[in-house]
Amino acid sequence: MKDVLDFDLQLFLRSLLPADDEVLQNMRSYAEAHHVPVVDPEVANLLGLLTRIAQPEQVLEIGTAIGCSTICMARAMQRGCITTIELQEERHIRALEYFRQAGVTERVHAILGDARVLVPQLEQQYDMIFMDAAKGQYQEFLSVADRILNQGGLLVVDNVLLNGWVVNLNYPRHRQKTMVYRMKAFLEQFKENNIYQCSVVPLGDGVAIIRKSEA
Ligand code: SAH
Ligand code: MG
């Protein structure tokens, strides 16, 4: 029953969204055919809205895939640039082509490589970070991203509910155990935290909207 309700809710929320343009439609078809993870439409819309509100100058994205979330943020930016990092070459190359088609090339600096290696080397400061790479590595990414996230900056983290497994810790396979427990600990650290304020929004696969305090 609950699943039916959740499904109806998701369909309803999606019915309220503006239609994707041709580039995004093609990207979603490609992603489905090639099993590439992409941001859910309702989360993509939220991401665009958060970007418009925050008006960041410098954005960092960890996990480009084929660039769907990148394009949603880039289109919401009036100035500045997104640095986005992807590990898989095939996805990175696809993303470059989609950035061209979407007309956002000038706003996007796409890097091929391992974010665990590259993020600690970044020298710039960022106003907004979208974290969407390996779900078992969020804590590791946060500890390196903290250095480069400006005070008052926004950290948006996708897939924090991990298909709901985090809620009751009932994951289908034993190999998912570490990731699920890590994610729970990742979310719990914000309960009492002087630096970060977090709201977990149960949209899509769960989005954490986190703000770094000013002092
Ligand atoms: N943000 C994209 C989806 C990203 S899916 C969108 O919403 O459209 C997660 C991506 O992170 C995958 O393509 C995966 O290859 C990449 N990834 C995983 N670990 C990574 C790492 N250590 N460094 C860079 N990218 C990584
Ligand atoms: Mg995601």
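Look above for the structure.
In this report, we go over the structure that sits alongside the text. (Residues numbered from 1 in each chain as written. Chains lettered and ligands numbered in written order. Predicted model: local features only at pLDDT ≥ 70, side-chain atom pairs only at ≥ 80, totals over all residues. Heavy atoms only, no water.)

Section: the coordination of the magnesium ion (ligand 2)
For the magnesium ion (ligand 2), every protein donor is listed as Asp 132 (OD), Asp 158 (OD) and Asn 159 (OD1), and the spread of their distances is 2.1 to 2.2 Å. Read from N- to C-terminus, the donor residues coordinating the magnesium ion (ligand 2) fall into the pattern D-x25-D-N. (Donors = N, O, S within 2.8 Å, 3.2 Å for Na, K, Ca; no water.)

Let's talk about the environment of Val 38
Relative to the assigned elements, Val 38 resides in the loop between helix H2 (22–34) and helix H3 (41–54). Residues Val 38 and Gly 48, spaced 10 residues apart in sequence, show a C-alpha to C-alpha distance of 14 Å. Non-local contacts of Val 38, meaning those with residues more than four positions away in its chain, are made with Arg 28, Ala 31, Ile 66 and Cys 68. (Helix = DSSP H or I, 4+ residues; strand = E, 2+ residues; numbered from the N terminus. Contact = heavy atoms within 4.5 Å.)

Here we look at the packing of aromatic side chains
Inspection of the entire model under this criterion finds four aromatic pairs. Relative to Phe 190, the ring of Phe 186 has its centre 5.4 Å away and its plane inclined at 85°; by these criteria the two rings are edge-to-face. For the pair formed by Phe 186 and Phe 190, the shared burial category is buried. The ring of Tyr 181 has Lys 177 lying over it, and the distance from NZ or CZ to the ring centre is 5.9 Å. (Phe/Tyr/Trp six-rings, centres within 6.5 Å; stacked < 30°, edge-to-face > 60°. Buried < 20%, exposed > 50% of the residue type's maximum accessible area, 1.4 Å probe, protein only. Lys NZ or Arg CZ within 6 Å of the ring centre and 35° of its normal.)

Overview of the site of ligand 1
In the neighbourhood of ligand 1, 23 residues make up the surrounding shell, with Ser 69, Glu 86, Arg 91, Ala 115 and Asp 132 lying closest. Glu 86 has a polar side-chain atom sitting 2.6 Å from an oxygen atom of ligand 1. Asp 114 places a polar side-chain atom, nitrogen or oxygen, 2.8 Å from a nitrogen atom of ligand 1. In the complex, the protein chains occlude 93% of the 590 Å² of accessible area that ligand 1 would expose alone. (Near = heavy atom within 4 Å. Polar contact = N/O pair within 3.5 Å; in protein donor to acceptor, adjacent residues only side chain to side chain. Areas by Shrake-Rupley, 256 points an atom, 1.4 Å probe, with all protein chains shown as cover.)

Describing the packing of H2 against helix H5 (residues 89–102)
Running from N to C, H2 and H5 point in directions that differ by 160°, and their axes come no closer than 10 Å. For the element pair H2 / H5, the angle class is roughly antiparallel. By crossing handedness, the relation of H2 to H5 is classed as right-handed. Where H2 approaches H5, its residues Val 23, Asn 26, Met 27 and Tyr 30 are matched on the opposing element by Glu 90, Arg 94, Tyr 98, Gln 101 and Ala 102. The residue inventory of the contact of H2 with H5, partitioned by class, reads five nonpolar, two polar and two charged. (Axes fitted to C-alpha atoms, helices over the stretch in contact; angles between N-to-C directions. Parallel < 35°, antiparallel > 145°, perpendicular 65-115°, else oblique. Left-handed = near helix turned anticlockwise from the far one by under 90°. Nonpolar A, V, L, I, M, F, W, Y, C, P; charged D, E, K, R; others polar.)

So, the pattern of salt bridges
Considering all chains together, one arrives at 11 salt bridges under this definition. Asp 20 is the partner of Arg 28 in a salt bridge, and the nearest nitrogen-oxygen pair spans 3.3 Å. The exposure class of Arg 28 is buried, given its relative accessible area of 19%. Residue Asp 20 is classed as partly exposed on the basis of its relative accessible area of 28%. The residue Lys 212 makes a salt bridge to Asp 146 at a minimum N-O spacing of 3.3 Å. Remark: Asp 146 occurs in helix H7 (residues 138–148) and Lys 212 occurs in strand E7 (residues 207–212); sequence separation between them is 66 residues. Asp 146 gets classed as partly exposed once you look at its relative accessible area, which sits at 28%. (Salt bridge = Lys/Arg side-chain N within 4 Å of Asp/Glu carboxyl O.)

Looking at a nonpolar patch on the surface
Among the surface-exposed residues, Leu 9, Phe 12 and Leu 16 lie close enough to one another that they form a single nonpolar patch of about 320 Å² accessible area. Tracing the sequence through the fold places Leu 16 in the loop between helix H1 (2–15) and H2. (Patch = residues over 30% accessible without salt bridge, like charges linked within 9 Å, V, L, I, M, F, W, Y side chains within 5 Å.)

Overview of the sheet that holds strand E1 (residues 58–62)
Pairing within the open sheet is mixed, and its seven strands lie in the order E3-E2-E1-E4-E5-E7-E6. This sheet does not close on itself; its edge strands, each paired only once, are strand E3 (108–112) and strand E6 (196–201). Mean inter-strand twist for the sheet, computed between neighbouring axes without regard to direction, equals 15°. Here five bridges tie E1 to strand E2 (residues 81–86), and the two strands are oriented parallel to one another. Within the sheet, the bridge partner assigned to Ile 62 lies in E2 and is Ile 85. (Pairing = 2+ DSSP bridges.)

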